[in-house]
Amino acid sequence: HVTYNQWVDPPVSLYKDIYFFNLTNPEDFAAGAKPNFTQIGPYCYREYRLKHPIGLTGNPGDSEVLYNQQKLFYFDSDRTSKHLSESDLITTINFPLVVRMLSHIY
């Protein structure tokens, strides 16, 4: 049962470091100026992957496990840069929208 439990809820710690590009001149950019960005991060999140088995397919000795995997992310303030928090306000642009708008201009 130990192997099964480790498969369902792996004991390995997974971390994701996330970086953002904060738009520092949103009013000027909205008026047509070149955007200025500052990289912010890392914001660190601990990832948990839990498997929820649904059943087996195939024949005995040649079967596959069917399962749904759930990913949960929890903010890790200890691993995040000290001056950052999960409540920070970040301004970014919608890149697909800007590209589409520019494609109509040029």
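Thresholds, definitions, all that
- Residues numbered from 1 in each chain as written.
- Predicted model: local features only at pLDDT ≥ 70, side-chain atom pairs only at ≥ 80, totals over all residues.
- Heavy atoms only, no water.
- Helix = DSSP H or I, 4+ residues; strand = E, 2+ residues; numbered from the N terminus.
- Rg over C-alpha atoms; globule rule 2.2 N^0.38 Å.
- Pairing = 2+ DSSP bridges.
- Axes fitted to C-alpha atoms, helices over the stretch in contact; angles between N-to-C directions.
- Phe/Tyr/Trp six-rings, centres within 6.5 Å; stacked < 30°, edge-to-face > 60°.
- pLDDT = per-residue confidence, 0-100.
- Contact = heavy atoms within 4.5 Å.

Here we look at the overall build of the protein
So, point 1. Across its full length, the protein holds three helices and three strands.
So, point 2. Helices and strands in the protein line up, N terminus first, as α-β-α-β-β-α.
So, point 3. Its C-alpha atoms give the protein a radius of gyration of 22 Å, clearly above 13 Å, the size a compact globule of 106 residues would have.
So, point 4. Seen along its three principal axes, the alpha-carbon backbone of the protein occupies a region of about 65 × 40 × 15 Å.

Things to note about the sheet that holds strand β1 (residues 14–23)
So, point 1. Taken together, three strands build an open sheet; the order of strands is β1-β2-β3 and the sheet is antiparallel. The open sheet is flanked by β1 and β3 (62–75), the only strands paired with a single partner. On average, each strand axis in the sheet is inclined to that of its neighbour by 35°, with strand direction left out of account.
So, point 2. One ladder, built from nine bridges, connects β1 with strand β2 (residues 37–59); its direction is antiparallel. Each bridged residue has a counterpart across the sheet, and for Asn-22 the counterpart in β2 is Thr-38.

Side note on the packing of aromatic side chains
Given two aromatic rings, their pairing is described by the distance between the two centres and the angle made by the two planes.
So, point 1. In the structure shown here, the tally under the stated rule is six aromatic pairs.
So, point 2. Centre to centre, the rings of Tyr-4 and Trp-7 are 6.0 Å apart; their planes meet at 40°, and the pair counts as tilted. With Tyr-4 and Trp-7 both in helix α1 (residues 2–8), this residue pair falls three residues apart, about one helical turn.
So, point 3. Cluster of aromatic residues (ring-pair linked, three or more members): Tyr-4, Trp-7 and Tyr-67.

Topic: the confidence of the model for the protein
So, point 1. Averaged over every residue, the pLDDT of the protein is 91; residues scoring 70 or more account for 99%.
So, point 2. Taking the mean pLDDT of every element in the protein, the minimum, 79, falls on helix α3 (residues 95–105) and the maximum, 96, on β1.

Thoughts on the side chain of Asp-76
So, point 1. Summarising the element assignment, Asp-76 is placed in the loop between β3 and α3.
So, point 2. When sequence neighbours within four positions are dropped, the list of residues in contact with Asp-76 reads Tyr-15, Cys-44 and Tyr-45.

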